[in-house]
Amino acid sequence: MRVVIAEDSPIYRALMKKYFEQWGLLCVFALDGAQAWDLLRESEIPTLALLGWVLPKMDGIELCRRIRTSLGARQYIYAILITAKDSKQDLLDAMEAGADDYLIKPFYAPELKARVLAGKRILDLQSTLLQTQESLRIAATHDALTGIKNRMEIIGVLKQELARSRRSGGSVGIMFADIDHFKSINDSMGHLAGDSVLKVVSGRLTAAVRVYDHVGRYGGEEFLVVLPDCDLKRTEGRAQELLQAVSKKAVTTSNGTRTVTVSIGIASTSVSGFVEVEELINRADQALYRAKENGRNRVEGPLPAAALEVVHARFKDEE
Ligand code: GH3
Ligand code: MG
Ligand code: MG
């Protein structure tokens with residue numbers, strides 16, 4: 001918790017500095033309302049704000065209003081208004097403007113400390129709530145075994161990237177990577193060793209991509225990698241690197257060591273044009289199928305136009 005005190009009286013500032021030092025709490029001072037506002041909005045750390053009512057540049061009531069209307073819910077500020085105004089209507093005005101509590105000058109140290117403790121309890125509760133919210137968000141969007149994005153999340157990311165590239169005119173590349181003969185890894189080394197292999201492979205894939213690329217577990221032993229701003233050529237280059245990254249060192253599990261390879265199917269909007277998510281995934285999936293057919297541990301992309309014509313001609317002959 002950080003403490004921000006907006007107080008223009010040097011006497012009260014000195015007094016509060018002394019109290020807070022005694023209580024082992026660090027505090028920063030603002031000499032007017034504008035300075036206080038800058039301090040309050042600059043950080044997302046839970047903050048206890050002690051605000052004078054009458055302040056140069058912006059009064060405490062306006063500060064309370066801004067805290068409640070302009071700052072997001074993630075940035076809870078517990079605001080205590082400190083003033084010599086002591087009518088019941090003043091108290092109501094302060095609370096309606098967004099103050100959490102109210103302290104009348106002159107005050108004694110125990111009164112201030114009691115208010116600060118109540119504020120700290122609320123801020124601690126708020127932090128716990130935000131942490132829980134964040135844990136739930138991670139659990140809902142990430143795969144429990146590997147810790148990388150889950151299927152829904154990686155598809156969401158791809159959707160966003162496709163929409164962004166449509167606006168910016170760039171291209172999006174994707175890779176569909178599937179571990180080769182994974183069933184035989186499970187069968188020979190056991191399901192737990194299989195799980196370790198999944199973790200190691202997802203770790204190697206994640207480590208091998210750029211920070212702004214995204215790796216997700218699409219299902220079982222299949223991974224979807226989203227590469228913003230990658231045409232087919234660059235996507236292929238990156239896929240070859242991933243192939244190396246996965247296979248270059250054998251994977252050690254509690255039940256033995258084994259070299260693991262993946263097959264990768266790639267697609268990019270630089271070839272497909274602006275297509276929907278399902279269509280792009282479908283193209284990468286078909287390419288993956290060919291990578292498996294052509295011997296595994298390899299990358300395949302869309303069929304070149306000439307080859308497509310041959311395939312079509314063959315289908316025509318067979319009709
Ligand atoms: P291919 O080279 O053609 O991809 O063959 P494969 O054996 O990798 O593919 P197949 O689809 O036959 O088998 C995939 C296996 O992955 C079957 C399934 O039991 C296993 N699997 C899926 N999810 C998990 C998991 O979370 N942990 C473990 N250990 N195995 C899993
Ligand atoms: Mg598979
Ligand atoms: Mg497989």
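Here the residue numbers are simple positions, counted from 1 along each chain's written sequence. Going through the entries in the order they are written, you letter the chains from A and number the ligands from 1. With the structure being a predicted model, the display of local features is reserved for residues of pLDDT at least 70 and the display and counting of side-chain atom pairs for 80 or more, all residues being used for whole-chain, interface and lining totals. For the side-chain quantities, the full set of heavy atoms in the structure was used; hydrogens and water were omitted.

1. Notes on the packing of helix H1 (residues 10-22) against helix H5 (residues 109-141)
Helices that pack against each other are described as a pair by the angle of their axes relative to one another and the distance between those axes. Note on method: axes are straight lines fitted to C-alpha atoms, helices fitted across the in-contact stretch only, with angles between N-to-C directions ranging 0 to 180 degrees. Strands here mean DSSP runs of E at least two residues long; helices mean DSSP runs of H or I at least four residues long; both are numbered from the N terminus. Contact geometry of H1 with H5 gives a least axis separation of 11 Å together with a crossing angle of 60°. Pair H1 / H5 crosses with right-handed handedness. In this structure, H1 uses Met16, Tyr19 and Phe20 to contact H5, whose residues at the interface are Ala109, Leu112 and Val116. Only Asp, Glu, Lys and Arg are considered charged, only Ala, Val, Leu, Ile, Met, Phe, Trp, Tyr, Cys and Pro nonpolar, and every remaining residue, Gly among them, polar. Its residues placed into classes, the contact of H1 with H5 shows six nonpolar, no polar and no charged. Helix crossings are classified by the rotation of the near helix relative to the far one: an anticlockwise turn of less than a right angle makes the crossing left-handed, while a clockwise turn makes it right-handed. By definition in these notes, contact holds between two residues if any of their heavy atoms fall within 4.5 Å.

2. Some remarks on the environment of Val200
With respect to the helices and strands, the residue Val200 is situated in helix H8 (residues 191-208). The rule is simple: take the accessible area with a 1.4 Å probe, protein chains only, and divide by the maximum for that residue type; under 20% is buried, over 50% is exposed, in between is partly exposed. Judged by relative accessible area, Val200 falls into the partly exposed class, the value being 26%. Residues Val200 and Val251, 51 residues apart in the sequence, show an inter-C-alpha distance of 7.2 Å.

3. Brief notes about the coordination of the magnesium ion (ligand 2)
Donor selection uses N, O and S atoms within 2.8 Å of the metal (3.2 Å for Na, K and Ca). Since no water is included, sites may look incomplete. Coordination of the magnesium ion (ligand 2) by the protein comes from Asp178 (OD), Glu221 (OE) and Glu222 (OE), over a distance range of 2.2 to 2.7 Å. Mapping the donors of the magnesium ion (ligand 2) onto the primary sequence gives the spacing D-x42-E-E. Separation of the magnesium ion (ligand 2) from the magnesium ion (ligand 3) amounts to 3.7 Å, with Asp178 serving as a shared donor to the pair. Exposure remark for Glu221: the relative accessible area of 19% places this residue in the buried category. In this structure Glu222 comes out as partly exposed when scored by relative accessible area, which is 24%.

4. Let's talk about the site of ligand 1
Surveying the vicinity of ligand 1 reveals 16 residues, the closest of which are His181, Phe182, Asp195, Arg217 and Lys292. Contact between ligand 1 and Asp178: an oxygen atom at 2.8 Å from a side-chain N or O atom of the residue. What qualifies as a polar contact is a pair of N or O atoms within 3.5 Å, subject to a donor-acceptor requirement within protein and to the restriction that residues adjacent in sequence count only when both atoms come from side chains. Side-chain polar atom of Asp195 to a nitrogen atom of ligand 1: 2.7 Å apart, as the coordinates give it. All accessibility values rest on the Shrake-Rupley procedure with a 1.4 Å probe; residue burial counts only the protein chains present in the view. Protein contact buries 66% of the 660 Å² of open area that ligand 1 shows by itself. Those elements that provide at least two residues to the shell around ligand 1 are strand S6 (172-179), helix H7 (182-189) and H8. One heavy atom suffices: a residue is near a molecule or strand as soon as one of its heavy atoms comes within 4 Å of it.

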